[in-house]
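Commentary on secondary and tertiary structure
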Amino acid sequence: MNALALPTRRDEAWRYSDLDALATAWPAAAPELIIVRAGDSAAHVLLQDAPDDAVAIRDYRVEIAAGGSCGFHVLNIGGKLGRVTISVTLGEGAHFALHGAIIGGCEQTLEIVTTVHHAAPGATSEQVVRSVLAGRATGNYLGKIAVARDAQKTDASQSVKAMLLDRTATANAKPELEIYADDVKCAHGATVGELDKSALFYMASRGLDPATAQTLLLRAFVAGVFDGIADDAKRERFEAAALAKLEALA
Amino acid sequence: MLQITNLSNTVADKPILKGLSLTIQPGEIHAIMGPNGAGKSTLAYTLGGRPGYEVTGGTVTFQSNSVRPELVEGLSFSGDKREEKDGASTGSARTDVGAIDLLALDPHERAAAGLFLGFQYPVEIPGVSNLQFLRESLNSQRKARGEAPLSGGEFIKLAKEKAALLGMDMDMLKRPVNVGFSGGEKKRNEMVQMGILDPKLAILDETDSGLDIDALRIVGAGINAIMRKPDKAVLLITHYQRLLDYVKPDFVHVLAGGRIVKSGGPELALELEREGYAEVVAA
Ligand SMILES: Nc1ncnc2c1ncn2[C@@H]1O[C@H](COP(=O)(O)OP(=O)(O)OP(=O)(O)O)[C@@H](O)[C@H]1O
Ligand SMILES: [Mg+2]
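Residues numbered from 1 in each chain as written. Chains lettered and ligands numbered in written order. Predicted model: local features only at pLDDT ≥ 70, side-chain atom pairs only at ≥ 80, totals over all residues. Heavy atoms only, no water.

So, on to the overall build of chain B. When helices and strands are counted, chain B shows 13 helices and twelve strands. Burial analysis of chain B (283 residues in total) assigns 52% to the buried set. Excluding contacts between residues fewer than 6 apart, the proportion of contacts in chain B whose partners are at least 24 apart in sequence is 72%. Carbon and sulfur atoms make up 51% of the accessible area of chain B, which totals about 12000 Å². (Helix = DSSP H or I, 4+ residues; strand = E, 2+ residues; numbered from the N terminus. Buried < 20%, exposed > 50% of the residue type's maximum accessible area, 1.4 Å probe, protein only. Contact = heavy atoms within 4.5 Å. Areas by Shrake-Rupley, 256 points an atom, 1.4 Å probe, with all protein chains shown as cover.)

How big an interface is tends to be reported as the loss of accessible area on association of its parts. Counting residues at the interface gives 29 residues for chain B and 17 residues for chain A. A buried area of about 1800 Å², summed over both sides, lies between chain B and chain A, and 69% of it is on carbon and sulfur atoms. Looking at the side of chain B facing chain A, the largest losses of area belong to His-108, Val-123 and Phe-133 of chain B, adding up to 26% of the total buried there. Counting across the chain B and chain A interface gives one salt bridge. One salt bridge connects Arg-206 of chain A with Glu-190 of chain B, and the closest N-O pair in it is separated by 2.7 Å. Where chain B touches chain A, the interface holds nine residue pairs in polar contact (both at pLDDT 80 or more). (Buried area = accessible area lost by both parts, 1.4 Å probe. Salt bridge = Lys/Arg side-chain N within 4 Å of Asp/Glu carboxyl O. Polar contact = N/O pair within 3.5 Å; in protein donor to acceptor, adjacent residues only side chain to side chain.)

Turning our eyes to something else, we now look at the coordination of the magnesium ion (ligand 2). Six octahedral donors around a metal ideally make angles of 90 or 180 degrees; four tetrahedral donors ideally make 109.5 degrees. Residue and element names in this part refer to chain B. For the magnesium ion (ligand 2), the full set of protein donor atoms is Ser-41 (OG) and Gln-120 (OE1), at a range of 2.0 to 2.2 Å. Taken together, the residues span a long stretch of sequence, with Ser-41 in helix α1 (residues 40-48) and Gln-120 in the loop between β6 (115-118) and β7 (125-129) at a distance of 79 residues. No difference in accessibility class separates Ser-41 from Gln-120, as the two residues are buried. (Donors = N, O, S within 2.8 Å, 3.2 Å for Na, K, Ca; no water.)

For the rest of this paragraph, the subject is the UniProt feature "domain: SUF system FeS cluster assembly SufBD core" (unreviewed entry) in chain A. Under the UniProt annotation, the feature "domain: SUF system FeS cluster assembly SufBD core" (unreviewed entry) is placed at residues 34-221 of chain A. Helix and strand shares over residues 34-221 of chain A are 11% and 59% respectively, and the end C-alpha atoms of the span are 30 Å apart. (UniProt positions renumbered as here; feature names shortened; annotations may be inferred.)

Turning our attention to the pattern of salt bridges. Residues and elements named next belong to chain A. Across all of its chains, the model carries 24 salt bridges over all chains by this definition. For the salt bridge of Glu-12 with Lys-174, the shortest nitrogen-to-oxygen distance reads 3.2 Å. Taken together, the positions of Glu-12 in the segment before α1 (19-23) and Lys-174 in strand β11 (residues 170-179) put the pair 162 residues apart, joining distant regions of the chain. Beyond isolated ion pairs, a larger network of salt bridges with shared partners links Glu-12, Arg-15 and Lys-174.

Moving on to the sheet that holds strand β4 (residues 69-76) of chain A. Residues and elements named next belong to chain A. Reading across the sheet, the six strands line up as β2-β4-β6-β8-β10-β12 and stay open at both edges, with parallel pairing between neighbours. Only two strands of the sheet have a single neighbouring strand rather than two, namely β2 (41-48) and β12 (184-193). This sheet shows a mean twist of 5 degrees between the axes of neighbouring strands, independent of strand direction. Taken strand by strand, helix α3 (residues 210-222) contacts β8 (124-133) and β10 (154-164), and its axis lies near 165 degrees from that of β8. (Pairing = 2+ DSSP bridges. Axes fitted to C-alpha atoms, helices over the stretch in contact; angles between N-to-C directions.)

Here we come to the sheet that holds strand β9 (residues 201-205) of chain B. Backbone hydrogen bonds are what pair the strands of a sheet, in a parallel or an antiparallel way. All names here are of chain B. Reading across from one edge, β6-β9-β10-β3-β11-β12 is the order of the six strands in this open sheet, with mixed pairing throughout. Only two strands of the sheet have a single neighbouring strand rather than two, namely β6 and β12 (259-264). When strand polarity is set aside, the average angle formed by the axes of neighbouring strands in this sheet is 20 degrees. Helix α9 (residues 183-197) contacts β6 and β9 of the sheet and is inclined by roughly 170 degrees relative to β6.

Within the largest apolar cluster, 107 residues are counted, with the highest numbers of intra-cluster contacts made by Leu-75 and Val-132 of chain A together with Leu-43 and Leu-236 of chain B. Sorting elements by how many residues they give to this core places α3 of chain A first, with seven residues. The residues touching Val-132 of chain A, leaving out its near neighbours within four places in the chain, are Ile-102, Ile-103, Gly-104, Met-163, Leu-165, Leu-218, Phe-221, Val-222, Leu-246 and Leu-249 of chain A. If you look at the next biggest cluster of nonpolar residues, it comprises 28 residues, including Ala-123, Ala-137, Tyr-141 and Leu-164 of chain A. (Core = buried A, V, L, I, M, F, W, Y, C linked by side-chain atoms within 4.5 Å.)

All right, on to the packing of aromatic side chains then. For the coordinates displayed, the defined rule picks out nine aromatic pairs over all chains. Relative to Phe-119 of chain B, the ring of Phe-201 of chain A has its centre 5.8 Å away and its plane inclined at 50 degrees; by these criteria the two rings are tilted. Taken as a pair, Phe-201 of chain A in helix α2 (residues 197-205) and Phe-119 of chain B in the loop between β6 and β7 lie in two separate chains rather than in one. Considered together, Phe-201 of chain A and Phe-119 of chain B belong to a single accessibility category, that of buried residues. An aromatic cluster is defined as three or more aromatic residues linked by ring pairs; in this entry it consists of Phe-201 and Tyr-202 of chain A together with Tyr-45, Tyr-53, Phe-119 and Phe-133 of chain B. Directly above the ring of Trp-14 of chain A sits Arg-83 of chain A, whose terminal nitrogen or CZ lies 3.4 Å from the centroid. Sitting over the face of the ring of Tyr-45 of chain B, Arg-50 of chain B holds its NZ or CZ atom 4.5 Å from the ring centroid. (Phe/Tyr/Trp six-rings, centres within 6.5 Å; stacked < 30°, edge-to-face > 60°. Lys NZ or Arg CZ within 6 Å of the ring centre and 35° of its normal.)

Residues and elements named next belong to chain B. Near ligand 1, the surroundings consist of 15 residues, among which Gly-37, Lys-40, Ser-41, Thr-42 and His-239 are the closest. Between ligand 1 and Lys-40 there is a distance of 2.7 Å, counted from an oxygen atom to a side-chain nitrogen or oxygen. Where the shell around ligand 1 is concerned, the elements lending two or more residues are β2 (14-24) and α1. Looking at which element gives the most residues to the shell around ligand 1, the answer is α1, with three residues. Here the residues of the shell around ligand 1 sort into five nonpolar, seven polar and three charged. (Near = heavy atom within 4 Å. Nonpolar A, V, L, I, M, F, W, Y, C, P; charged D, E, K, R; others polar.)

Structure (structure tokens):
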């Protein structure tokens, strides 16, 4: 396959994407490489808040050697198309954690696409993604977990929850497991919901205006995604950006 | 304070209230009793403006505050609804000082006008602390009334005072709204909220159910302390006389089949407790 050919819908990883928007920014830049040496730990954050009409493609390859660990925090809120792909390869006993939030409105398509290769025994991975989608926005999480034949004692989890604020918004959550070992734990949960109407009425009955009530509920929904960012200033920047985007949807 | 005239509604296309009338004056406490499914909670929700509780007839006028008429002007009416009701004259809402067409307001505007609903089943809101929720609610009300917001310090002082009045631990107010609260704790929390929001009219839907004997006494005393005032009024929905021993009603009504079928003084509650509803409802 020609590496420069524009992907099509038949391409699993691009199935729900905005290919028209993509065409304007193709070919995308080469992936950014993150290497975590044996026993080291690393923390990465990405605040993808490109302007409304932009196409932002952020591609990462993460290689974590034996006993290493990497935490990745993503807030994906910007662009007509905002796509974050992370391909991770885990060595023996290595650990990868992704905490991501997608918050979109209007005609945005926002995606987090991950592939986690458990290449050696005893590695663990954890992925938590929360999406809030309004208007005609589309939010996608595609998460593939590949467990190699000798990667026994693999422990992988994915927790994906989406909240739709309008009937016209769309959430896609697609886990994919490719497991060749037999002693493996893979936990996957995905839900799509709407704001709790009885909570909204309860809040209104106390005098809360609808926009504030919605923002409070949504803040609670994405709360915790950025708790793990150790640097206070960074964490506050993510929380503030998420809140501003939630308020813009109200 | 509240004048309900011939109120009818449907819930999921099913008629529930069928021409209910009731007038409450400032300073009064009214109790509503009635069989399960009679429409008591429906009345509370309809007055609160719950979506899905469709008013099909009648009117509700709320004399929100004769002492502070500016409250009415400060309220943010949604323009089109008001036009329908008031025609072109912007002056008409002001001529009857403080009288509001309650049904024209959105639920949060009704709260800002001074209405409080104590829920039969208080709602849990994971991830939102009681304190944050109440502070935002109170300040949202104050903003709608054109009042300055309370600072964090002022709010905490107020919350502590009301929690103490209801014998509730401040730690519970730091927890998410009603999450993991016992049935009785939820009811007590409703009353703490009422204390903080300081409404003009409280509609309390079975606030007594789920309370233990001591809690019932504390909640009863709390309702009296917060609401027994010449410019306030309470509508208590209850199944049992015991709450009425603490919060003495001026009037007792029986709601059955979507209407008030009988009204009387406090003795009516005792009579109902002895005889049941059969006679009243049949009459
Ligand atoms: N969403 C709904 N769909 C259909 N019927 C409903 C709905 N909500 C309420 N009802 C019906 O409306 C009627 C009145 O209910 P309501 O809760 O007001 O009764 P209540 O007098 O408060 O009873 P209780 O003493 O048991 O609390 C009941 O018959 C109930 O089944
Ligand atoms: Mg009821």
